[in-house]
Amino acid sequence: MSRMAAAHTPLDEHRPPLGLRERKKLKTRTAIRRAMYRLTTEQGYEATTVEQIAAAAEVSPSTVFRYFPTKEDIVLADEYDEAVERALRTRPVDEPPLDSLRVILTAAVSRMLENEPQEMRLRTKLMAEVPALRARMTESMAETSQSLARPLADRAGRDPGDLEARVFAASVMGALREALLYWAERDQRDDLVALVNRTLDTLEGRPGL
């Protein structure tokens, strides 16, 4: 997606302005993540400790754990989950759910590739290479699927814990996980947005096989 096309996306719609406290928290989270990425690039994931990350970000180890419960979360956590759920709630209620998620997820991937390309590449590389990260990635995406199932159920007038909504959201997030791992395993040569679209085509019954 070009910079012009990515200038305004569904992720921006109805985005509430951040207050001073939220901006400070975001600044701290960003500093911790950037310290993690820099140290990991220099010395590897396993050799990088939370204490080193805290020192590089100029915070205490307890502050790191307050923002990120585990070391794996520093790599995997981002600011997009709430934005994706919020964006899903703004889509037309009569739009097919997979169409809604296609618009939102491709926008999210485009935004990450535009705003933090090196971090995105390192993150997915680590997901593919580090077993602990791959396991935590699966847990994290399961949590995200639950947050997406709620607005999907609401749109359909169903119970928030509706089984079909949960299965559908989990299927989409599981497919997205495979697209990210596929991209990393192929040395990130492919167009990731195109891979996400191919992935969703498969769920839509157009696998191209």
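Conventions we followed
- Residues numbered from 1 in each chain as written.
- Predicted model: local features only at pLDDT ≥ 70, side-chain atom pairs only at ≥ 80, totals over all residues.
- Heavy atoms only, no water.
- Salt bridge = Lys/Arg side-chain N within 4 Å of Asp/Glu carboxyl O.
- Helix = DSSP H or I, 4+ residues; strand = E, 2+ residues; numbered from the N terminus.
- Buried < 20%, exposed > 50% of the residue type's maximum accessible area, 1.4 Å probe, protein only.
- Axes fitted to C-alpha atoms, helices over the stretch in contact; angles between N-to-C directions.
- Parallel < 35°, antiparallel > 145°, perpendicular 65-115°, else oblique.
- Contact = heavy atoms within 4.5 Å.
- Nonpolar A, V, L, I, M, F, W, Y, C, P; charged D, E, K, R; others polar.
- Core = buried A, V, L, I, M, F, W, Y, C linked by side-chain atoms within 4.5 Å.
- Phe/Tyr/Trp six-rings, centres within 6.5 Å; stacked < 30°, edge-to-face > 60°.
- Lys NZ or Arg CZ within 6 Å of the ring centre and 35° of its normal.
- Left-handed = near helix turned anticlockwise from the far one by under 90°.
- Polar contact = N/O pair within 3.5 Å; in protein donor to acceptor, adjacent residues only side chain to side chain.

Asks: Mind showing me how you'd approach the pattern of salt bridges here?
Replies: Working definition: two side chains of opposite charge can pair if their charged atoms are close together. Going through the model one piece at a time under the given rule, you end up with 18 salt bridges. Between D201 and R102 there is a salt bridge, with the nearest N and O atoms lying 3.0 Å from each other. Placement of D201 in helix α10 (residues 192-203) and of R102 in helix α6 (residues 97-115) is noted, with a sequence separation of 99 residues between them. Residues D201 and R102 agree in their burial class; the two are buried. Using a relative accessible area of 15% as the deciding quantity, one classes R102 as buried. One network of salt bridges, with partners in common, ties together D73, R136, E139 and E143.

Asks: For this particular structure, what's the right way to read the packing of helix α7 (residues 117-129) against helix α8 (residues 131-155)?
Replies: For any two helices packed against each other, one specifies the inter-axial angle together with the distance between the axes. Their axes nearest at 5 Å, the elements α7 and α8 cross at an angle of 105°. Classified by the angle their axes make, α7 and α8 are roughly perpendicular. In contact with L126, M127, A128 and E129 of α7, α8 contributes P131, L133, R134 and M137. The residue inventory of the contact of α7 with α8, partitioned by class, reads six nonpolar, no polar and two charged.

Asks: What exactly am I supposed to notice about the side chain of E116 here?
Replies: Relative to the helices and strands, E116 resides in the loop between α6 and α7. The exposure class assigned to E116 is buried, which follows from its relative accessible area of 17%. Ignoring anything within four residues of it in the chain, the contact list for E116 reads R111 and R123.

Asks: Please explain the environment of L39 as it appears in this structure.
Replies: Within the fold, L39 resides in helix α1 (residues 20-43). For the pair L39 and Q52, spaced 13 residues apart in the sequence, the C-alpha separation amounts to 8.1 Å. Setting aside residues up to four positions removed in sequence, L39 forms contacts with G44, T48, Q52, I53 and A56.

Asks: Can you walk me through the nonpolar core in this structure?
Replies: One broad rule of soluble globular proteins: the nonpolar side chains tend to lie buried together. In this structure, I32 and L192 are the most contacted members of the largest nonpolar core, which totals 52 residues. Ranked by residues supplied to this core, first place goes to helix α9 (residues 163-185) with eight residues. If we skip the residues at most four places from it in the chain, L192 touches V109, L113, M120, A179, L180 and W183.

Asks: Any chance you could explain the packing of aromatic side chains here in plain terms?
Replies: Two descriptors summarise a pair of aromatic rings, namely the distance from one centre to the other and the angle between the planes of the rings. Going through the model one piece at a time under the given rule, you end up with zero aromatic pairs. K71 extends its terminal NZ or CZ atom over the ring of Y45, reaching a point 4.2 Å from the ring centre.

Asks: Would you explain the packing of α9 against α10 in this entry?
Replies: With their axes 9 Å apart at the nearest point, α9 and α10 run at an angle of 140° to one another. Taken together, the axes of α9 and α10 lie oblique to each other. For the element pair α9 and α10, the recorded crossing hand is right-handed. Each of S171, V172, A175, L176, A179, L180, Y182 and W183 in α9 lies in contact with α10, whose residues at this interface are L192, L195, V196, T199, L200 and L203.

Asks: Just checking my understanding: could you explain the side chain of R102 for this structure?
Replies: Polar contacts involving the side chain of R102 include one to the side chain of N197, which spans 2.9 Å. Within the local environment of R102, its side chain forms a polar contact with the side chain of D201, the two groups lying 3.0 Å apart. Discounting chain neighbours no more than four positions away, the residues touching R102 are N197, L200, D201, E204 and R206.

By themselves, these figures tell us nothing about what the structure is for.
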